[in-house]
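# Descriptive structure summary
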Amino acid sequence: MKKWHFAIKVLAAGILCLLLAGCQAAADLTPEQEEQLKQQASDVFSQLQQGEYQQVADQFNTTMASSLDAAQLQTAWEQTIQPLGEYAGFVSSEITQSSAGTTVILEESYEKQGLELRVTFDKEQKISGLWMTYTDAASTVQTPPEGVVEEEISFAADKKFPISGVLALPENPEGKIPVVVLVQGSGQSDRDETIYANKPFRDIAWGLAQQGIATLRYDKRFYTYSEEGQKMASDITVQQEITDDALAALALVQQDERFDASFLLGHSQGGMLMPAIALENGQLTGGISLAGSLRPLWEISYDQNLAAAEAARDTVTEEEYNQIQNQMKQVEQQVEQLRQLDTLDLADDDLLLGLPVKYWRSLQQMDAMEAVEQLDIPLLILQGDADFQVYPDKDYTLWQQTLQSRDNAEFHLYSGLNHLFMPTQGKQDVSEYAVQSQVDSQVITDIAAFVQQYAN
């Protein structure tokens, strides 16, 4: 649910599109019914490939249809496949069942990377959910570099959802060392925050380990438990999605006698939540925000929608642009409702900008500005000036203005780096990230210098 404009949240670098998940009870299927649903899902993929978006939308159940139309589906699909290159063929299909319904998981191969399409059907075999994400690309480096070792770990904020992760450590450290816990942006990303062939969190973890600093990175809860996430779609809070597990990860490393100082690094929405998580933990040595913001998420989402609409002006027909303008009016209306969230009588499962009101209320409880004003630990604020998802002129500047009187706040704005802190390709959409790259070494050096300064 994270990259598409027009009422679909866009702040993260991980998952690409959780459009909607219904909550219908699943029944046992015969082998014939399973094959029928697999074929139906395959037909959906073919229709998307052929641009038959209305035919797909006609298969939505009532809940799905009320939240997503053919035009929005087209936007999401075209942006998803744009960087993948030519279609190469079918890879596999499997079927799973839960109280959310029956989900067919298709993996399809393209020239540059694979695509996973999950189609969830309700008991009437109507589409109640669509989930699109990229399958992991082969990397030129699969093992840690010399001097770096990794240790698999697990922990649980909720015993129903044990989390897997990895500690990256300098080999043969002398004495205790500092550790940094990495928290991803919105979306259900893996421990490396993988997008296309890029793995920004792995780059940071290995780079810091080479400079004597440990890190903990982990798979997000609903990356591992995607089916459960679909079942809970209208009931998920930001605490369940992000902050509870981040707090559990911090507790884990803070109890580990190998470490003498702990830091929290958040990227994108993780950077936005960093002050609130740090305040709740109460034991951190320092906090680091990479492309985070002190503004409410709905304000950033509005800016992203507006920028996308303006960028489309010269690339679509007049009819399509009028449709985009109508969608922007809906976005504006919903943002205004979010600005008045405390005063409006809205149901928890009402959708605003594609997310339930319950989620927005939970996010409001983690207000970044309120938290940072109470937080007195050292802070490092990093931003790329080519970031089109979080804005240097608004978000980075707001950090500087808010923290200008503090002598333990440090700021770095990097020329030519995008939202992943990698060199920009000059684009203003997610295809920016299709070129394999690495987090700029200066970014890692600056993080290491900050950690070492305050850990000693």
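Residues numbered from 1 in each chain as written. Predicted model: local features only at pLDDT ≥ 70, side-chain atom pairs only at ≥ 80, totals over all residues. Heavy atoms only, no water.

## Comments concerning the confidence of the model for the protein
Per-residue confidence for the protein averages 87 on the pLDDT scale, and 92% of its residues sit at or above 70. The low-confidence segment residues 1-27 (pLDDT under 50) makes 142 contacts with residues lying over four places distant or belonging to another chain. Long-range and interchain partners of residues 137-141, a stretch whose pLDDT sits below 50, account for eight contacts in this model, where long-range means more than four residues apart. (pLDDT = per-residue confidence, 0-100. Contact = heavy atoms within 4.5 Å.)

## A closer look at the sheet that holds strand β8 (residues 177-183)
Strand order in the open sheet formed by eight strands is β6-β7-β9-β8-β10-β11-β14-β15, with mixed pairing between adjacent strands. Across the chains shown, the open sheet's two edge strands, defined by having one partner strand only, are β6 (148-155) and β15 (409-414). Across the sheet, the axes of successive neighbouring strands diverge by a mean angle of 20°, strand direction being ignored. Contacts from helix α9 (residues 269-281) reach β8, β10 (259-267), β11 (286-290) and β14 (379-384), with the element oriented near 135° to β10. (Pairing = 2+ DSSP bridges. Helix = DSSP H or I, 4+ residues; strand = E, 2+ residues; numbered from the N terminus. Axes fitted to C-alpha atoms, helices over the stretch in contact; angles between N-to-C directions.)

## Points about unusual backbone geometry
Note: most residues except glycine have negative phi, and most peptide bonds are trans. For Q125, which is not glycine, the phi torsion reads 65° and is therefore positive. Residue A291 is not a glycine yet carries a positive backbone phi of 55°. Locating A291 in the fold gives a position in the loop between β11 and α10 (297-312).

## Overview of the packing of aromatic side chains
The geometry of two aromatic rings is summed up by the distance between their centres and the angle between their planes. All told, the structure shown has 12 aromatic pairs when counted by the stated rule. Taking 5.3 Å as the distance between ring centres and 85° as the angle between the ring planes, the aromatic pair formed by F155 and Y218 counts as edge-to-face. Highlighted residues: F155 in strand β6 and Y218 in strand β9 (residues 214-218), separated in sequence by 63 residues. Among the residues examined, Y218 registers a relative accessible area of 2% and is labelled buried. Ring geometry for Y396 against F411: centres 6.4 Å apart, planes inclined by 85°, an arrangement best described as edge-to-face. Of the two residues, Y396 is situated in helix α14 (residues 392-402) and F411 in strand β15; the sequence distance between them amounts to 15 residues. Overall, the relative accessible area of 6% leaves Y396 in the buried class. Judged by relative accessible area, which is 23%, F411 ranks as partly exposed. Cation over ring: R339 sits above Y302, and NZ or CZ is 6.0 Å from the ring centre. (Phe/Tyr/Trp six-rings, centres within 6.5 Å; stacked < 30°, edge-to-face > 60°. Buried < 20%, exposed > 50% of the residue type's maximum accessible area, 1.4 Å probe, protein only. Lys NZ or Arg CZ within 6 Å of the ring centre and 35° of its normal.)

## A look at the environment of Y225
Inspection of the secondary structure puts Y225 in the loop between α6 (221-224) and α7 (226-231). Taking the C-alpha atoms as reference points, Y225 and P162, 63 residues apart in sequence, are found 9.6 Å from one another. Those residues in contact with Y225, other than ones at most four positions away along the chain, are K160, F161 and P162. Polar side-chain contacts of Y225 include one of 2.7 Å to the backbone oxygen of P162. (Polar contact = N/O pair within 3.5 Å; in protein donor to acceptor, adjacent residues only side chain to side chain.)

## Structural notes on the pattern of salt bridges
A full pass over the atoms with the stated rule returns 18 salt bridges. For D245, the salt bridge goes to R221, with nearest N and O atoms at 3.0 Å. Here the residue D245 occupies a position in helix α8 (residues 238-254), and R221 occupies one in helix α6, the gap between them amounting to 24 residues. You'll find D245 and R221 in the same group, each marked buried. Taken together, the salt bridges that share partners define one network made up of E150, D192, K199 and R217. (Salt bridge = Lys/Arg side-chain N within 4 Å of Asp/Glu carboxyl O.)

## Overview of the packing of α10 against helix α11 (residues 318-339)
The axes of two packed helices give the description: the angle between them and the distance between them. In the contact formed by α10 and α11, the axes pass within 10 Å of each other and the chain directions differ by 170°. Judged by the angle between their axes, α10 and α11 are roughly antiparallel. Contacts from W298, E299, Y302, N305, L306, A309 and A312 of α10 reach α11 at Y321, I324, Q325, M328, V331, E332, V335, L338 and R339. A class-by-class count of the residues in the contact of α10 with α11 yields 11 nonpolar, two polar and three charged. (Parallel < 35°, antiparallel > 145°, perpendicular 65-115°, else oblique. Nonpolar A, V, L, I, M, F, W, Y, C, P; charged D, E, K, R; others polar.)

## Let's talk about α14
When we look at burial in α14, the residues that qualify are P392, D395, Y396, L398 and W399. Residues of α14 that are buried make contact with α9, β11, α10, α13 (368-374), β14 and β15.

## Regarding the environment of E241
Its place among the elements puts E241 in helix α8. Owing to a relative accessible area of 2%, E241 belongs among the buried residues under this scheme. When the C-alpha atoms of E241 and Q188 are compared, they prove to be 8.4 Å apart, with 53 residues separating the residues in sequence.

## Details of the environment of T103
Mapped onto the elements of the fold, T103 is located in strand β3 (residues 101-110). Sequence-wise, T103 and F161 are 58 residues apart; in three dimensions their C-alpha atoms are separated by 20 Å. Discounting residues that sit within four places of it in the chain, T103 has contacts with E94, I95, T96, R118, V119, T120, E227 and Q230. Only 2.8 Å separates the side chain of T103 from the side chain of T120, close enough to count as a polar contact.

## Thoughts on the pairing of strand β4 (residues 114-121)
Burial of β4 is extensive: eight of the eight residues sit out of reach of the surface. Burial of β4 is two-sided: the residues G114, E116, R118 and T120 facing one way and the residues L115, L117, V119 and F121 facing the other way are all buried. Alignment of β3 against β4, held across eight bridges, turns out to be antiparallel. Residue I105 lies in a different strand from β4, and its bridge partner there is R118.

## Topic: the nonpolar core
Counting residues in each nonpolar core, the largest one holds 68 residues, and the members touching the most others are V181, L216, Y218, F259, L264, W360 and L379. Take this core: its biggest share by element is eight residues, from α8. Not counting residues up to four positions away in its chain, the partners in contact with L216 are I153, V166, L167, V179, V180, V181, L182, A249, L252 and V253. (Core = buried A, V, L, I, M, F, W, Y, C linked by side-chain atoms within 4.5 Å.)

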